[in-house]
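A structural walkthrough
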Protein chains: 8
Amino acid sequence: PDVTLDLDRARRCGFPEVIFGEGKPAATIATIFDRLLAAQVRCLATRISEEKADLLRAHFASRKNPTARYNSLASTFRVDPHDAPPLERKGRVTVITAGTSDLAVADEARETLDWMGINVHTINDVGVAGPHRLPARLPEFVGSDAIVCVAGMEAALPSIVGGYVDCPVIGVPTSVGYGANFGGIAALLSMLNSCAANVTVVNINAGFKGGYLAGMIASKLHDARQRPQ
Amino acid sequence: PDVTLDLDRARRCGFPEVIFGEGKPAATIATIFDRLLAAQVRCLATRISEEKADLLRAHFASRKNPTARYNSLASTFRVDPHDAPPLERKGRVTVITAGTSDLAVADEARETLDWMGINVHTINDVGVAGPHRLPARLPEFVGSDAIVCVAGMEAALPSIVGGYVDCPVIGVPTSVGYGANFGGIAALLSMLNSCAANVTVVNINAGFKGGYLAGMIASKLHDARQRPQ
Amino acid sequence: PDVTLDLDRARRCGFPEVIFGEGKPAATIATIFDRLLAAQVRCLATRISEEKADLLRAHFASRKNPTARYNSLASTFRVDPHDAPPLERKGRVTVITAGTSDLAVADEARETLDWMGINVHTINDVGVAGPHRLPARLPEFVGSDAIVCVAGMEAALPSIVGGYVDCPVIGVPTSVGYGANFGGIAALLSMLNSCAANVTVVNINAGFKGGYLAGMIASKLHDARQRPQ
Amino acid sequence: PDVTLDLDRARRCGFPEVIFGEGKPAATIATIFDRLLAAQVRCLATRISEEKADLLRAHFASRKNPTARYNSLASTFRVDPHDAPPLERKGRVTVITAGTSDLAVADEARETLDWMGINVHTINDVGVAGPHRLPARLPEFVGSDAIVCVAGMEAALPSIVGGYVDCPVIGVPTSVGYGANFGGIAALLSMLNSCAANVTVVNINAGFKGGYLAGMIASKLHDARQRPQ
Amino acid sequence: PDVTLDLDRARRCGFPEVIFGEGKPAATIATIFDRLLAAQVRCLATRISEEKADLLRAHFASRKNPTARYNSLASTFRVDPHDAPPLERKGRVTVITAGTSDLAVADEARETLDWMGINVHTINDVGVAGPHRLPARLPEFVGSDAIVCVAGMEAALPSIVGGYVDCPVIGVPTSVGYGANFGGIAALLSMLNSCAANVTVVNINAGFKGGYLAGMIASKLHDARQRPQ
Amino acid sequence: PDVTLDLDRARRCGFPEVIFGEGKPAATIATIFDRLLAAQVRCLATRISEEKADLLRAHFASRKNPTARYNSLASTFRVDPHDAPPLERKGRVTVITAGTSDLAVADEARETLDWMGINVHTINDVGVAGPHRLPARLPEFVGSDAIVCVAGMEAALPSIVGGYVDCPVIGVPTSVGYGANFGGIAALLSMLNSCAANVTVVNINAGFKGGYLAGMIASKLHDARQRPQ
Amino acid sequence: PDVTLDLDRARRCGFPEVIFGEGKPAATIATIFDRLLAAQVRCLATRISEEKADLLRAHFASRKNPTARYNSLASTFRVDPHDAPPLERKGRVTVITAGTSDLAVADEARETLDWMGINVHTINDVGVAGPHRLPARLPEFVGSDAIVCVAGMEAALPSIVGGYVDCPVIGVPTSVGYGANFGGIAALLSMLNSCAANVTVVNINAGFKGGYLAGMIASKLHDARQRPQ
Amino acid sequence: PDVTLDLDRARRCGFPEVIFGEGKPAATIATIFDRLLAAQVRCLATRISEEKADLLRAHFASRKNPTARYNSLASTFRVDPHDAPPLERKGRVTVITAGTSDLAVADEARETLDWMGINVHTINDVGVAGPHRLPARLPEFVGSDAIVCVAGMEAALPSIVGGYVDCPVIGVPTSVGYGANFGGIAALLSMLNSCAANVTVVNINAGFKGGYLAGMIASKLHDARQRPQ
Ligand SMILES: Nc1ncnc2c1ncn2[C@@H]1O[C@H](COP(=O)(O)O)[C@@H](O)[C@H]1O
Ligand SMILES: Nc1ncnc2c1ncn2[C@@H]1O[C@H](COP(=O)(O)O)[C@@H](O)[C@H]1O
Ligand SMILES: Nc1ncnc2c1ncn2[C@@H]1O[C@H](COP(=O)(O)O)[C@@H](O)[C@H]1O
Ligand SMILES: Nc1ncnc2c1ncn2[C@@H]1O[C@H](COP(=O)(O)O)[C@@H](O)[C@H]1O
Ligand SMILES: [Mg+2]
Ligand SMILES: [Mg+2]
Ligand SMILES: [Mg+2]
Ligand SMILES: [Mg+2]
Ligand SMILES: [Mg+2]
Ligand SMILES: [Mg+2]
Ligand SMILES: [Mg+2]
Ligand SMILES: [Mg+2]
């Protein structure tokens, strides 16, 4: 009675409901997953701690579902219906990080894109203090359907990436830094005020949302390429 | 010497540089436009006051360019090269407002989309206080390439719109409201924390950016439909 | 000497003093409860940790008072005078949550309403990302005396609930979320700026206050129905 | 096309839509009012400047509707259908102000209550610096259905009023004060943190909302007294 | 070399330096105390944790100084020169708290006043939710030289105390509360905006400063009474 | 009916009510003053604009009261009963400013002290950028009963003044500065965090409060010197 | 008496006192300048409005000092002693702006450097949205003694400049932008969190300070080059 | 693949890349160091916890590099190439702290300067509450190339130091203090608003940046003295 699932989500929105793991006991998450799996949904939960992951792993072991897997860097947990067919891959998204300390957030984005069946390429640690690093890798990201740009501290990277490309750049501010970074506010404000017209922003540390939006764009582009008018 | 134009922008990013009108004298803007027009660029400037618009109108009258036009609701100024061919229309973007007080910001988005050559449809004043208003108009926005959702006060609208569609919803928070709206912070935070996975956010009152991102997505989708793989 | 009880509260305000448990040692709370029980008051303390609850349970076990009970979800502790008569139930309040992560705060509201003798109905996990969930349950909440609406993140729910009913909607913002939710500020501001005219707000995570106000309204309505003019 | 009226509001919520006047041209407001009057709705608009009021007055003079009236203290504009029957009065709400500088906000509340047909009593300038002033007037507010308490600066008044009564106290923080009042934030936070359990809060300077909620409670109590169970 | 003591402080300011214990290792504090004791100074350190207190107690036990004492409620540590004469008592300060959760901060004030040799009287738990509690104790505080008023949450108390007396009221905001109390900001702003002209403010949780200022005033009044002009 | 005077204030608090002029029409202030004068009160109003001062001057000219006077630097208005005896002077307060831009706030303090009958000495423009300026004037402020220290920008002055004296230093932060001074927040926080134990703080730009508190202390010290125990 | 000049400043700090013009009447500034000129000081005042400049120009015309000059872009006013020798130029500072809207602040820096006798070079409008613009001008700034980098919005520029050079980069955040730029806070936080180790920051819009610090460094480098060890 | 080193940094910026240790696993840091050492770079990492230091020490012990060393006060880790020649010392920087609680941040600055080969002198605990302490030590800091001034609480020290010297003063605000220090915001704002023209600011607790900038200035001055023009 405490849960009201939205099983119609994939029809309306293209992808099924993803579970926000914070503040939910492992048992609640297991129940939700069981119900989603029964409806043939591939499941993804974000913000899952190691402790909850252990309980979930045990739960799906007891249910003999071998697809359950935890990504401890991204803090995501996934499990598929027993007989789910392999996911066909589509589109092209690049995930770029400013520094190696941004990797956890970036991996939540990458994992989300993987769950959506999107092709992902990652470019790490090309922040602006070494200004030659980003242009050197232009060929790797210039033809993307969408770019997820993950950065903390002053988060200058999305503005610069935006200046090189003709696709949306989804900025994911991170809480990486200290002092007047105020837990990611500095990066968030920086991205919101980007002078590059193609930069949009999601919540601080919201790797999931950054990945989801990029994946939605890539997915629609893939479909448009398949089904020309 | 005070201006360093980026004439290569359209090649790299798909659309040419747009001029941010605030803090620039009309004479500076006129000079920039003259140089852009000489390079055959269709020009758009945002955040242009009535006073600056009068000076710009006079400038282009003296240059016998009849395409100069000011939109006083959107505070935008546009002018095209004398012999620019008519713009071919493409894609489909819907701009939705929560209340009639949000119209100025929404019209900056609409004008930007028009400048990009995108087909735009608008739905006004369907905020949540009258919860039946939005679902009643579902058929008008459900097949959009992207949606720009403009809302002030508590800005609940993008989350709800997001729950109905399979395309990106670009939230544009406005400063409409008073007191603890803090000039749009309430709406901004509301959108950043949206529980709908397909909602992304731009700066407060940034109708231009909201329109630009939606237009970029629609434009790429149009191209993909034309050039299937 | 450190405590100055307000034993006249029930006469002036309709309900006796409730104890705020944070920052008070268990021994102090036990002393306060003993004095309230001696004055024939049904006792409620909020924000009681598991540790303090254990000490309080032991205290009332030693006093042979079997009514002592702890609600670990709501973090409330209650104990009645030995010979308190059963509470007569009155009024009708609905507690609605946006997500399952809001349950702890909602249960503090529900427990407070139970202590006041109010009939409570709960509707959980009907937030806006699945926009069909709330209207589907309209019959369950449309005739309420008052509604307590508990939501975190962007807290769009109270505005929408407000648009369906003719009773006060008391918004309780929660700290559920992360990043730019700023510990509940986003939800608080969202509710304060609600465009629904019948939405009022209490402190972040203040399930107690939300429940208390709804209970006071329901109680007065019950009395008015009993004693017509 | 820019306006989507919610003509069903009175049936769902008990009272018709009220127009938020800020950011709407007088002509738009006149159009909305004409359509509401045609639907036999008594009209109220808030936050109307002297300039807009002049235009609205002229509009309704030309339509020979003598009921149009502007309250320049409250910044409200009202107009009734030509043949609207006199409003029957019901319930009892008290509006209390801390200082004479809070009068404009309080009068918006009083005007809203008057529009709802509620009996209103006002008590002014009884803030805490003169602590004997409030208790001296206890008989005037102690039996209220609801109290609207309007205060700026440190806004201590609602907590004290709350301690004397058994009805909801709706705090309306004002921006009265200077410096670290931060445009009403000090008063808002003070009310949100009230140690009185029956204090709830609306937006800064939101006299309309404070009045509306109190009026809704008084109206329901009146109806309950008329139609006993 | 890391410490530069201000041994002249008592001559200039009337009282010697007090040690701020946070962020200083116990060994550093012990060294400072040894040097102050050698200069015949009565020592006080504030914000001393239990762990540091244990180390300091051991240090002074080894030095056979029996005057070392820790107050775990106030988190203060004191030690006197071996042969310090008894302190003569002077003046009259009242410390008033709004709630029992404010006691730790109030006791830091009381301990500071004790160290200064001031007569202190305390009145606890007379916050405004029970509005009769404070006036009932008027005789206990009306003739004070200065009042320290310690309150969290909405901190209405100092304004009301201020309205009853002709002496300075030093408000000490505490971090007691939750949610929108923002760690004491609500209480701080409330006190800064007090409409009572005789209320001044110190830092959040700064019991030391509140006590020190009240003690300085009482001490000067005592001296003035002894040495008439 | 809109005003509830506190004519008992002088008996309780030592000095009569002072009128806060902001947000009150001149006519209201004139009425209040007439009633206070009838009760033989010397009147002071703060935050009076030039426009209101003109109206008040005309009012008292028509009443043939020659004592009405406006201080346009301090924005204060004063008027005495016709036959008020000359004020006897007492105590010693020093008002110190950091820069010449702080003079308006400082003069509100000085005018308040003058109204209280206190001897005031002022020292201007001795901020820390010229560190020799303050110590050079030590003899002028070292024996004060209390010091009012008025400073904007980083407001370092009160901490330094505090280190030289044995009396309370009442810091009045001003909004002087720009950018990250945030309208006086920088100065306010600086003073609240002063490492000098004898510094206390009032609201931003609250010259009135700073003067009032210093005057109250000086007045009590004067009385103590006159009436030894 | 309201002014306490620091005539010793040039000896201690290398350059004489500069006058902060805000909040000082023109007459006060004229008096200060007269006294500084009498002491043979070259005078500079910042933040001078057109109105004050007119009064100052008239003043120095009447004193027959032809050196008085106002820079209306920078809002600075300068005047030299009648017989001041020509300033010898030294060092090399580059002032770089992100956009043309930052020019006013940049010109305050440039004017300050000119007053200090420093050689200044300016590079305008090379913000990151056109990422090729800055590297194209590397030869112009790579050998600077210090760089002043003036930027609003997301202020990414200083971090990138910092990555190219071996000299201090002094970031001057501007209030250019709108919405979530919060009057320059976004730019300020961005610069404070710069991942480039050689970026330091001054106040929002503090062109004066940025220029002064760069000038001080260039001046010391010049002297070191002249007087080798 | 997760790391993109900037091995060209020393050529461009004068000093090689320093590793920000927070959020990077020890193994990642060890890998980075190995690669830097292979390129003959002297390595420095900041914000290294005791746990990571233990792992790094073990790593370099296994690699038989005896130069690895951890500074637990500064939280820095350093290691040099096996055969690195001794560092030649140059320049003169003074690091000044306000209180002993600021030592950890100051030592990060000192360690950074040591790594850069700069001569450093430290002066501790000379904050303004004891105003004679700083001037007494003037000879120790008056001829510095640059000064790093580390202070928490109200951070008045840099303004005063700035008034005594002709070199840049780099303020490093610390989070030392409590309550309204807001984790260092008070100190940061204080320094940003310094009325001393030669004070610039880095991030809260950014001892590294403060040291780096001072070292860069001292290094350039040293080179200028060696290579006169
Ligand atoms: N002064 C006011 N403060 C807050 N809400 C208001 C105010 N006046 C009207 N409203 C509400 O704002 C809603 C949306 O207004 P509108 O922008 O007119 O469509 C209305 O339905 C009213 O409930
Ligand atoms: N709890 C406290 N709150 C604020 N200031 C304090 C506290 N305890 C001591 N102080 C002051 O802090 C100053 C500097 O402390 P220290 O860091 O010990 O040199 C002392 O001179 C005291 O005036
Ligand atoms: N400039 C001022 N700043 C703060 N408080 C003031 C000021 N002027 C008067 N007051 C106080 O404000 C209280 C309430 O003022 P009023 O709004 O006039 O009833 C008075 O009792 C005074 O103590
Ligand atoms: N535009 C400015 N921004 C910041 N500080 C300034 C500015 N102009 C002058 N100053 C400094 O402000 C100090 C105090 O100024 P004053 O208020 O004129 O006494 C001067 O010594 C200058 O160092
Ligand atoms: Mg790196
Ligand atoms: Mg509407
Ligand atoms: Mg759910
Ligand atoms: Mg009054
Ligand atoms: Mg209590
Ligand atoms: Mg000066
Ligand atoms: Mg440009
Ligand atoms: Mg010390």
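Conventions and cut-offs
- Residues numbered from 1 in each chain as written.
- Chains lettered and ligands numbered in written order.
- Predicted model: local features only at pLDDT ≥ 70, side-chain atom pairs only at ≥ 80, totals over all residues.
- Heavy atoms only, no water.
- Helix = DSSP H or I, 4+ residues; strand = E, 2+ residues; numbered from the N terminus.
- Rg over C-alpha atoms; globule rule 2.2 N^0.38 Å.
- Buried < 20%, exposed > 50% of the residue type's maximum accessible area, 1.4 Å probe, protein only.
- Contact = heavy atoms within 4.5 Å.
- Domains from an automatic or database assignment.
- Buried area = accessible area lost by both parts, 1.4 Å probe.
- Salt bridge = Lys/Arg side-chain N within 4 Å of Asp/Glu carboxyl O.
- Pairing = 2+ DSSP bridges.
- Axes fitted to C-alpha atoms, helices over the stretch in contact; angles between N-to-C directions.
- Least-squares fit on C-alpha atoms with pLDDT ≥ 70 in both.
- Near = heavy atom within 4 Å.
- Polar contact = N/O pair within 3.5 Å; in protein donor to acceptor, adjacent residues only side chain to side chain.
- Areas by Shrake-Rupley, 256 points an atom, 1.4 Å probe, with all protein chains shown as cover.
- Nonpolar A, V, L, I, M, F, W, Y, C, P; charged D, E, K, R; others polar.
- Expected span 1.5 Å × (residues − 1).
- Phe/Tyr/Trp six-rings, centres within 6.5 Å; stacked < 30°, edge-to-face > 60°.
- Lys NZ or Arg CZ within 6 Å of the ring centre and 35° of its normal.

A few points about the overall build of chain A
Scanning chain A from terminus to terminus reveals eight helices and nine strands. In terms of overall dimensions, chain A is globule-like: its C-alpha atoms have a radius of gyration of 18 Å, near the 17 Å expected for 229 residues. Seen through its principal axes, chain A has C-alpha atoms that stretch 50 × 50 × 25 Å. The buried share of chain A, taken over its 229 residues, is 68%. Excluding contacts between residues fewer than 6 apart, the proportion of contacts in chain A whose partners are at least 24 apart in sequence is 68%.

A look at the domain arrangement of chain A
All names here are of chain A. Examined at the domain level, chain A breaks down into domain 1 (9-79) and domain 2 (90-223). Interface area for domain 1 against domain 2, summed over the two sides, is near 1300 Å², with a carbon-plus-sulfur share of 62%. Its largest share of buried area at the contact with domain 2, domain 1 owes to Phe15, Leu73 and Arg78, together 43% of the area lost on that side. Run the count over domain 1 and domain 2 and you get two salt bridges.

Notes on the sheet that holds strand S3 (residues 69-71) of chain B
Whenever strands of a sheet pair, they do so through backbone hydrogen bonds, lying parallel or antiparallel. Residues and elements named next belong to chain B. Within the open sheet, the four strands sit side by side as S1-S2-S4-S3. Their pairing is mixed. For this open sheet the edge positions go to strand S1 (19-20) and S3, each flanked by a neighbour on one side alone. Strand direction decides the pairing type here: strand S2 (residues 43-46) and strand S4 (residues 76-79), joined by three bridges, are antiparallel. Paired with Ala45 across the bridge in S4 is Phe77. Its contacts with the sheet put helix H4 (residues 103-116) on S2, S3 and S4, and the angle it makes with S4 is roughly 15 degrees.

A look at the relation of the copies chain F and chain G
Turning chain F through 90 degrees and shifting it by 0.0 Å along the axis lays it on chain G, with an RMSD of 0.0 Å. What the superposition gives is, in effect, a four-fold axis relating one chain to the other. Identified as the residue of chain F closest to the rotation axis by C-alpha distance is F:Phe182, at 7.4 Å.

Digging into the site of ligand 4
In the neighbourhood of ligand 4, 13 residues make up the surrounding shell, with F:Tyr178, G:Arg9, G:Lys24, G:Thr46 and H:Cys195 lying closest. Two or more chains meet at ligand 4, and those chains are chains F, G and H. G:Phe20 places a main-chain nitrogen or oxygen 3.2 Å from an oxygen atom of ligand 4. Between ligand 4 and H:Cys195, the relevant distance is 3.2 Å, taken from an oxygen atom to a main-chain nitrogen or oxygen of the residue. Here ligand 4 loses 94% of its free accessible area of 500 Å² to cover by the protein chains. Grouping the amino acids of the shell around ligand 4 by side-chain chemistry returns seven nonpolar, one polar and five charged.

Let's talk about helix H2 (residues 26-38) of chain G
All names here are of chain G. When the terminal C-alpha atoms of H2 are compared, their 18 Å separation across 13 residues agrees well with the 18 Å that a helix rising 1.5 Å per residue should span. Elements that come into contact with the buried residues of H2 comprise strand S1 (19-20), strand S2 (43-46), helix H3 (50-62) and strand S4 (76-79). Note on H2: the residue one or two positions beyond its end, Gln40, has a positive phi of about 65 degrees.

Some thoughts on the sheet that holds strand S4 (residues 76-79) of chain H
Residues and elements named next belong to chain H. Spatially, four strands are ordered S1-S2-S4-S3 in an open sheet, and the strand pairing comes out mixed. With partners counted over all chains shown, the strands left at the sheet margins are strand S1 (19-20) and strand S3 (69-71), one partner each. In this structure, S1 lies alongside strand S2 (residues 43-46), joined through two bridges in parallel fashion. Bridged to Phe20 within S2 is Thr46. Of the strands in this sheet, S1, S2 and S4 touch helix H2 (residues 26-38), which is tilted by about 155 degrees from S2.

Considering the interface of chain B and chain A
Counting residues at the interface gives 38 residues for chain B, matched by 38 residues for chain A. Approximately 3300 Å² of surface area, both sides summed, lies buried where chain B meets chain A, with 60% of it carried by carbon and sulfur atoms. There are two salt bridges connecting chain B and chain A. Of the charged contacts, one joins B:Lys220 and A:Asp166 as a salt bridge, the two residues approaching to 3.4 Å between their closest N and O atoms. Taken together, chain B and chain A are joined by 14 residue pairs in polar contact (both at pLDDT 80 or more). Breaking the side of chain B that touches chain A down by element, the ones donating at least two residues are helix H1 (9-13), helix H7 (185-192), strand S9 (199-201) and helix H8 (207-226) of chain B. Counting residues per element, the side of chain B that touches chain A draws most heavily on H8(B), at eleven residues. Within the side of chain B that touches chain A, the residues separate by chemical class into 21 nonpolar, eleven polar and six charged.

Notes on the site of ligand 1
Taken together, 13 residues are adjacent to ligand 1, and B:Tyr178, C:Cys195, D:Arg9, D:Lys24 and D:Thr46 come closest. Bordering ligand 1 are residues originating from chains B, C and D. At 2.4 Å from a nitrogen atom of ligand 1 is found a side-chain nitrogen or oxygen belonging to B:Tyr178. A distance of 3.2 Å separates an oxygen atom of ligand 1 from a polar backbone atom of C:Cys195. Notes on ligand 1: free accessible area 510 Å², of which the protein chains cover 94%. In terms of residue class, the shell around ligand 1 is made up of seven nonpolar, one polar and five charged.

Considerations on the relation of the copies chain B and chain A
Its rotation angle being 180 degrees, the transformation that places chain B on chain A also includes 0.0 Å of axial translation and leaves an RMSD of 0.0 Å. Here the symmetry operator amounts to a two-fold rotation axis. Counting the interface residues of chain B, we find that 100% of their copies in chain A are interface residues as well, pointing to one common contact surface.

A look at the environment of E:Cys43
Residue and element names in this part refer to chain E. Here Cys43 lies in strand S2 (residues 43-46). Owing to a relative accessible area of 0%, Cys43 belongs among the buried residues under this scheme. Residues Cys43 and Cys167, spaced 124 residues apart in sequence, show a C-alpha to C-alpha distance of 29 Å. Setting aside residues no more than four positions away along its own chain, Cys43 makes contact with Phe33, Leu36, Leu37, Phe77, Arg78, Val79, Asp80 and Trp115.

Examining unusual backbone geometry
Even without being a glycine, G:Phe182 presents a positive backbone phi close to 50 degrees. Relative to the elements of secondary structure, G:Phe182 occurs in the loop between strand S8 (169-173) and helix H7 (185-192).

Brief notes about H8(B)
Across its 20 residues, H8(B) extends 28 Å between first and last C-alpha, which sits within 8% of the 28 Å expected from 1.5 Å per residue. Summarising burial for H8(B): 18 of the 20 residues are buried, a large majority.

A word on the packing of aromatic side chains
Each aromatic ring pair is summarised here by two numbers: the centre-to-centre distance and the angle between the ring planes. All told, the structure shown has 56 aromatic pairs over all chains when counted by the stated rule. When the ring of G:Phe33 is compared with that of G:Phe60, the centres are 6.1 Å apart and the planes differ by 35 degrees; the resulting orientation is tilted. Of this pair, G:Phe33 sits in helix H2 while G:Phe60 is found in helix H3, placing the two residues 27 residues apart along the sequence. On the basis of relative accessible area, G:Phe60 is assigned to the buried category, the value being 1%. Taking the centre distance of 6.4 Å and the plane angle of 35 degrees together, the rings of H:Tyr70 and H:Phe77 count as tilted. Of the two residues, H:Tyr70 and H:Phe77, neither departs from the other in class, the shared state being buried. What links up through ring pairs into an aromatic cluster is the set A:Phe15, A:Trp115, A:Phe208 and A:Tyr212. A cation over an aromatic ring shows up here: C:Arg47 above the ring of E:Tyr178, its NZ or CZ 3.6 Å from the ring centre.

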